[in-house]
Amino acid sequence: MWTLNTFPPNPPPPSPKKPLKPKPLLHHSLSKSSHLDEALSLLLKSHPSILPTTPTTNLEAYSHLLHSFITHKSLRHAELLHRHLLHSTPSLLRHPLIKSKLITLYPVCARIESARLVFDEDDDDEPSWTAMVVAFSKNGLHEDSLSLYAGNASWRSDFADSAALKSCSALSAVRLGRAVHARVLKSAREPDQVVLNALVRLYVKCGTLDEALRAFDGMPQRNVVSWNSLLSGFVGRGFFFECLDLLRRMWIESSVGFSWVTLTTVLSACSQITALYKGREVHAQMVKSREEPDIVVLNSLMDMHAKCGVVEYCERVFRGMGSRDLTSWNTMLTCYAIGCAHDALELFDEMVGRGRGGIKPDGVTFVALLSSCAHAGFVDEGRRLFDRMDVEFRVRKNVEHFACLVDLLGRAGLIDEAFEVTEKMPMRPGGSVWGSLLNSCRLHGDVELGEIAAKRLFEIEPNNAGNYVLFSNMFAREKMWEEAKKVRVAMEEKGLKKEVGRSWVQVGSGIHSFVAGGGVSFRSSLEYKRVWEELVESMEREGYVPDTDVVLHDVDEGTKAEWVCGHSERIAVVFGLVNSGDGIPIRIMKNLRVCDNCHNVMKVVSKVTRRLIVMRDTNRFHHFRNGACSCGDFW
């Protein structure tokens, strides 16, 4: 019991309460869930208990909402909020965060001029400056982007640097790109991965691969985009072997893995140099992957097998695809065009569905079909397809289609009809048209019409040495040596040189190159002499006699026979026989058309060695098997 002299005990101190986590603002949640109307309405009409009116909270709220508008590309909501700020809180419009968001948003909605109005070049505002540099670059205003970037040398941001480098790439402005690179290097802050990747892409696009490689090697770390940029650069500039070397380095040095873009790029390189075994290594990586390959990489895989002449594998990939696009069908048709004309025509019927609403063909489809008919001598089928293009399928004919028709008729010996096509074309005949006609005149000995075609060719392509060679060969084939000599003299006076015959043969994972008359060390080896002597004896037993008529020069028979034996494809096939096991196919690529004599040699060699020999020349594929060629001697 208490008395007057006593006091109640002190109450225990209250237990400390845990600080409450701030609940997310309701308008922020709505904007994140795509309810933009509700979010904007709530923000503009909110009660202080829901949205305190302190400047900091307002700034955060508007920033979140603008970010949502950018994500959803909502111009209508952005303009409503912009007008509201103009009338209620104009000071917020001058804040760098809000300004930069608006500058980013308007170009995303294709309103670059509205972004210009928000931006004020006199403001000392780095976020807005960065946003404007990026906006100009993304909207294709590359000169404006670089002008603004260069106008303020005191600022540097990774976003602005990468945007400026992308603009330099788009303009192929390597000198400006080097200036941006120097600005990045002078900065105390290290550039991020995006900037470094943009540097590599810039030098790749401008064709300065040495600088691209230096920038690549100087990276502290690389991601898959870095590797893809350099790989695509090598392929785009024709450095296919370097691309394959870089892929090997990527697999050894890198732990980032690969993307489908990586494999698509490498498969393109394999296609160009018929590197079948390397392409199959890439295919193995696709099979090992846990992800389903996309349709682009599968199309590239088909194209690789097609360019390597492996029709059955191309078919296997095509038939195994879950879905196909127009490129898939066109790739398969192009594969058949190298010697399977019947298959190409059947596949086309399947493609268009015979009136049941199939895939709509395009111009590439008909180039493949007409080429297929030309190489097979299917004149009537080719004519019908040419007529059906615009009438039935609404595909506009271009110069390439007329060149295919001229080639189709000319190869079949219908030279006058082919010439009539060139005279009645609705557009001016290009070099491909006259080149097809000249080649047909060479094949069939029509010198008079050949001279007309050559004259037109020289007007259109005066510096194309191949046209002069073709013209000279036409005269030489008819034993008109003086005329052939005059053409060669004209070439020399113009400083034009005939392309040297070169062949590549794949043995294992390596690709070996030989030029006409070259390979001296190999041809001097005991292995070469032994195999060549055995081949000559076997070919003579088969009745083979060298055809020196293919030597289109007025020299003695002994010299002609020696020159024929030095053709690059012959050296390549012997190299393949020496360095590969029995029964292994020999795959050769040649940069010129295979001559008649070498074509006959390959047929006999395939018979006496019981080897499949696959040769890809500038015209088509030749599959030599058991003494016959897939082209039926029509190429």
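Residues numbered from 1 in each chain as written. Predicted model: local features only at pLDDT ≥ 70, side-chain atom pairs only at ≥ 80, totals over all residues. Heavy atoms only, no water.

With an unreviewed UniProt entry as reference, the protein is termed Pentatricopeptide repeat-containing protein, source organism Acorus calamus.

Next up on the list: the packing of aromatic side chains. One pass over the structure, following the stated rule, counts 18 aromatic pairs. Geometrically, the ring pair formed by Phe419 and Trp434 is tilted, given 6.4 Å between the ring centres and 50° between the ring planes. One end of the pair, Phe419, is in helix α25 (residues 415-424); the other, Trp434, is in helix α26 (residues 431-444), and 15 residues separate them in sequence. Summarising the burial analysis for this pair, Phe419 and Trp434 share the class buried. With a centroid separation of 4.7 Å and 55° between ring planes, the pair formed by Phe471 and Phe475 is classed as tilted. Taken together, the positions of Phe471 and Phe475, both in helix α28 (residues 465-477) and 4 residues apart, correspond to about one turn of that helix. Of the residues examined, Phe471 reaches a relative accessible area of 10% and is grouped as buried. Here a set of aromatic residues connected by ring pairs shows up, and it is made of Phe514, Phe522, Tyr528, Trp532 and Phe575. A cation sits over an aromatic face here: Arg183 above Tyr149, 4.0 Å from the ring centre. (Phe/Tyr/Trp six-rings, centres within 6.5 Å; stacked < 30°, edge-to-face > 60°. Helix = DSSP H or I, 4+ residues; strand = E, 2+ residues; numbered from the N terminus. Buried < 20%, exposed > 50% of the residue type's maximum accessible area, 1.4 Å probe, protein only. Lys NZ or Arg CZ within 6 Å of the ring centre and 35° of its normal.)

On to the pairing of strand β2 (residues 510-515), then. Examined bridge by bridge, strand β1 (residues 502-507) and β2 share 6 bridges and lie antiparallel to one another. Directly across from Gln506, in β2, lies its bridge partner Ile511. (Pairing = 2+ DSSP bridges.)

Here we take up the sheet that holds strand β6 (residues 628-629). Strand order in this open sheet of 6 strands is β2-β1-β3-β4-β5-β6, and the pairing throughout is mixed. Pairing within the sheet leaves two strands with one partner each, and these edge strands are β2 and β6.

Another point: the UniProt feature "repeat: PPR" (unreviewed entry) in the protein. Under the UniProt annotation, "repeat: PPR" (unreviewed entry) lies at residues 192-226 and 362-392. Note that residues 192-226 is 71% helix and 0% strand, and that its end C-alpha atoms are spaced 12 Å apart. Regarding residues 362-392, the helix share stands at 90% and the strand share at 0%, and the terminal C-alpha atoms are separated by 12 Å. (UniProt positions renumbered as here; feature names shortened; annotations may be inferred.)

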